[in-house]
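Here's the letter readout for the chains.
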Amino acid sequence: MADTFLDAQELVLNMGPQHPSTHGVLRVILKLDGEKVLGTECVIGYLHRGVEKIAEHRTYAQFAPYVDRMDYISAVSNGLGYCLAVEKLLNAEAPPRARAVRVILTELNRIASHLLWLGTHALDIGAITPLFYTFREREEILAIFENYCGARLTTHAFRIGGLQYETYSGFEEQVKRFCDTFPAHVDEYETLLTGNPIWRDRLIGVGLLTAEQCKDYGVTGPVLRAAGVAWDLRKAQPYSGYEQYEFEVPTRSGGDTYDRYLVRIEEMRQSVRIIRQAVERIPEGAIMAKGMKVIKPPVGEAYVSIEAPKGELGYFIVSDGSIHPYRVRVRPPSFLNLQALEVMAKGSLVADVVAIIGTIDIVLGEVDR
Amino acid sequence: MPEWLRRFLLIDLIQGMLVTFRTQHPKYINTEQYPEERPRVAERYRGAPRLNINPENGETLCIACDLCAIACPENLIVVGSVRNPETRRKELTTFTYDLSRCMFCGLCEDACPVDALELTQDFELASFTREGQIWDRQMLEEGPRPSPYR
């Protein structure tokens, strides 16, 4: 071996599946030369539940609660993607009011997902304080979810064709209040982390991933945008009325862990911008499209992808004309982003592997499905 | 301010400490004292199921239409009924709800045409046995029975 760091024997070390910083049940086999990582190998499947297979034995409406359990941090986004895919099969569209409420809840969920990521990522690296602050704000978002649909985490907020629940009285006020207070809290996190010398030393230059490598591996979401590619499906192929809202797609050019952190921080601010615009003008009207009592799409197939907090989340559904989907295939962002771990971790130190796993923001429920 | 001076004067550290210090006031305490203080869950909270009865005569509202059992993704509701030969209507006899498999998606209460089945705000669903999670009609109407520890 030419690139050995010390003249030591190669050491194979298991990281996980119970390691606290693998964010679930991910097992990484590390090949080490001293502290230096020569290679990594991910072993996934510990949380496999066969969600795609379950779909074949459920009706379209019955499968909707299961998609919440894939990426349970951003259950609302998962539900939106699935509902849009079935609506495309049915050639239907949710009414404008439903679309606006969907945007508000999905963007709130994006903030909640990024907050959980920020708290745990900082915790992995050694900054304990931000966790308490991010969870404080996340709690406000979860309270909105609970008031709206009755559940905090696995929300099942949307139905195919629109919404089941009308907004509760005080919904707009609660969302506006959150939008007013939240940007100041983002500044708080930035005060704690952005300029912090330890934080910068641990993140800058760690886990480099160039735009070319991102494209090769199919990496999407904030990881891709931190490498300098302004690819956001909300802009590139707007769905659910995103074309009505003004927002920017934050990008950075470095492609390291610090840039990914800054991209996500900026995304939270942009999400607040979208929510503000959406909540100002929620149209009146129906919340459910007509003819959604029995969901029986014609023979055909549909692929719909949305910008979930972690990247491109796609649903490919094949219909054979019955009330059950013939096949549901999910393109999960976490699964594809995780594949880039090998290139990112190669040549780094063991302590940086923790930072790199944190920065791709994986949820194992989605990786394994 | 130049970078070296910021570092020398520990500006970042002081700013971070200020953030921490500002939230020290007791009014910012967010911890819930759960068993002592009951949390107030939302009005639409999806918790323990309940089979509503007519408060005037104590008869069940359920018309045994079986729609909840069809809507349930986990097939955990079993509705038993007999047809009354005089009125030619279905009458509810048994109603079994397996909470151990329930994921509280709310599809059953959406499906109910007479608002008989409802997911309530009760969230304390622990029991000592698996059998204790299978709720029969009486438990669904009157609330959970405490199960003894074996």
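Calculation criteria
- Residues numbered from 1 in each chain as written.
- Chains lettered and ligands numbered in written order.
- Predicted model: local features only at pLDDT ≥ 70, side-chain atom pairs only at ≥ 80, totals over all residues.
- Heavy atoms only, no water.
- Helix = DSSP H or I, 4+ residues; strand = E, 2+ residues; numbered from the N terminus.
- Rg over C-alpha atoms; globule rule 2.2 N^0.38 Å.
- Areas by Shrake-Rupley, 256 points an atom, 1.4 Å probe, with all protein chains shown as cover.
- Lys, Arg positive; Asp, Glu negative; His and termini not counted.
- Charge placed at Lys NZ, Arg CZ, Asp CG, Glu CD.
- Buried < 20%, exposed > 50% of the residue type's maximum accessible area, 1.4 Å probe, protein only.
- Contact = heavy atoms within 4.5 Å.
- Buried area = accessible area lost by both parts, 1.4 Å probe.
- Salt bridge = Lys/Arg side-chain N within 4 Å of Asp/Glu carboxyl O.
- Pairing = 2+ DSSP bridges.
- Axes fitted to C-alpha atoms, helices over the stretch in contact; angles between N-to-C directions.
- Core = buried A, V, L, I, M, F, W, Y, C linked by side-chain atoms within 4.5 Å.
- pLDDT = per-residue confidence, 0-100.
- Parallel < 35°, antiparallel > 145°, perpendicular 65-115°, else oblique.
- Left-handed = near helix turned anticlockwise from the far one by under 90°.
- Patch = residues over 30% accessible without salt bridge, like charges linked within 9 Å, V, L, I, M, F, W, Y side chains within 5 Å.
- Disulfide = S-S within 2.5 Å.

This next bit is on the overall build of chain B. Looking only at helices and strands, one finds five helices and five strands in chain B. Its helices and strands in sequence order give chain B the pattern α-α-β-α-β-β-α-β-β-α, from N to C terminus. Since a compact globule built from 150 residues should have a radius of gyration of about 15 Å, the 26 Å found for chain B marks it as more spread out than a globular shape. C-alpha extents for chain B along the principal axes are approximately 95 × 35 × 30 Å. For chain B, the computed accessible surface area is about 10,500 Å², with 53% contributed by carbon and sulfur atoms. Chain B carries 18 positive and 23 negative side-chain charges, and their two centres are separated by 5 Å.

Attention now goes to the overall build of chain A. In terms of regular secondary structure, chain A is built from 15 helices and eight strands. For a compact globule of 369 residues, the expected C-alpha radius of gyration is about 21 Å, and chain A comes in at 21 Å, within 12% of that figure. Seen through its C-alpha atoms, chain A measures out along the principal axes to roughly 70 × 45 × 35 Å. Put simply, chain A has 369 residues, and 60% of those count as buried. Looking at chain A alone, contacts between residues at least 24 apart form 71% of all its contacts between residues at least 6 apart. Distance between charge centres in chain A, computed from 40 positive and 47 negative side chains, equals 5 Å.

The next thing to look at is the interface of chain B and chain A. Between chain B and chain A, the residue contacts involve 23 residues of the former and 29 residues of the latter. Both sides together, the interface formed by chain B and chain A hides about 2,100 Å², and carbon and sulfur atoms give 49% of it. Its largest share of buried area at the contact with chain A, chain B owes to Arg44, Arg46 and Met103 of chain B, together 30% of the area lost on that side. In this assembly, chain B and chain A are joined by one salt bridge. Ionic pairing is found between aspartate 110 of chain B and arginine 159 of chain A, a salt bridge with its closest N-O pair at 2.6 Å. Mapped by element, the contributors of at least two residues to the side of chain B that touches chain A are α2 (11–22), α3 (67–71) and α4 (107–111) of chain B. At five residues, the largest contribution of residues to the side of chain B that touches chain A is made by α2 of chain B.

All names here are of chain A. Taken together, the three strands give an open sheet; going across it, the order is β6-β7-β8, and neighbouring strands pair in antiparallel fashion. The open sheet has two free edges, formed respectively by β6 (300–308) and β8 (325–331), since each of these has just one partner strand. Each neighbouring strand pair of the sheet contributes to a mean axis angle of 15°, computed without reference to strand direction. Where β6 lies against strand β7 (residues 311–319), nine bridges are found, and the strand directions are antiparallel.

All names here are of chain A. By size, the foremost hydrophobic cluster in this structure holds 87 residues, and its most contacted members are Tyr82, Leu108 and Tyr261. In terms of residue count, the dominant contributor to this core is helix α4 (residues 96–125) (14 residues). Leaving out residues up to four positions away in the same chain, tyrosine 82 has contacts with Tyr60, Phe63, Ala64, Val67, Ile160, Tyr315 and Ile317.

For the rest of this paragraph, the subject is the pattern of salt bridges. Taken as a whole, this structure holds 31 salt bridges over all chains when the rule is applied. Between arginine 234 of chain A and aspartate 232 of chain A there is a salt bridge, with its nearest N and O atoms 2.8 Å apart. The buried category is assigned to arginine 234 of chain A, whose relative accessible area is 3%. Given a relative accessible area of 1%, aspartate 232 of chain A falls into the buried group. Of the charged contacts in the structure, one is a salt bridge between arginine 50 of chain B and glutamate 118 of chain B, with a shortest N-O distance of 3.4 Å. With arginine 50 of chain B in strand β1 (residues 49–51) and glutamate 118 of chain B in strand β4 (residues 117–119), the pair connects residues that are 68 residues apart, well separated along the chain. For arginine 50 of chain B, a relative accessible area of 34% puts it in the partly exposed group. Here glutamate 118 of chain B falls in the partly exposed class, since its relative accessible area comes to 28%. When salt bridges that share partners are traced, they join Glu107, Arg110, Arg225, Asp232, Arg234, Glu267 and Glu307 of chain A into one network.

A few words now on the environment of methionine 103 of chain B. Here methionine 103 of chain B lies in the loop between β3 (90–98) and α4. Counting along the chain gives 31 residues from methionine 103 of chain B to cysteine 72 of chain B, while the straight-line C-alpha distance between them is 9.9 Å. Residues in contact with methionine 103 of chain B, not counting those within four places in the same chain, are Pro65, Tyr66 and Arg69 of chain A together with Pro73 of chain B.

The next point concerns the confidence of the model for chain B. Averaged over every residue, the pLDDT of chain B is 84; residues scoring 70 or more account for 99%. Among the prediction metrics, the complex's ipTM stands at 0.82, with pTM recorded as 0.87.

Here we take up the packing of helix α2 (residues 60–67) of chain A against helix α3 (residues 75–90) of chain A. All names here are of chain A. For the pair α2 and α3, the least separation of the axes is 8 Å and the interaxial angle reads 155°. In this view, α2 runs roughly antiparallel relative to α3, as classed from their interaxial angle. Crossing of α2 over α3 shows right-handed handedness. Residues Tyr60, Phe63, Ala64 and Val67 of α2 form the contact with α3, whose own contacting residues are Asn78, Gly79, Tyr82, Val86 and Leu89.

Before going further, it helps to examine a nonpolar patch on the surface. Residues Leu10, Leu13, Ile14, Met17 and Leu18 of chain B make up a contiguous nonpolar surface patch of roughly 480 Å² in combined accessible area. Tracing the chain through its elements places leucine 18 of chain B in helix α2.

It is worth spelling out the state of the cysteines at this point. Following the criterion strictly, the structure yields zero disulfides over all chains and no others. Left without a disulfide partner, cysteine 179 of chain A is nearest to the cysteine sulfur of cysteine 149 of chain A, which lies 18 Å away. Free of any disulfide, cysteine 105 of chain B has its nearest neighbouring cysteine sulfur in cysteine 72 of chain B, separated by 6.4 Å. The class for cysteine 105 of chain B is buried, based on a relative accessible area of 9%.

Residue and element names in this part refer to chain B. Strand order in the open sheet formed by three strands is β2-β3-β5, and the pairing between neighbours is antiparallel. The strands lining the two open edges of the sheet, one partner per strand, are β2 (77–83) and β5 (134–135). Two elements, β2 and β3, share seven bridges in a ladder whose sense is antiparallel. Counterpart to glycine 80 in the pairing with β3 is threonine 94.

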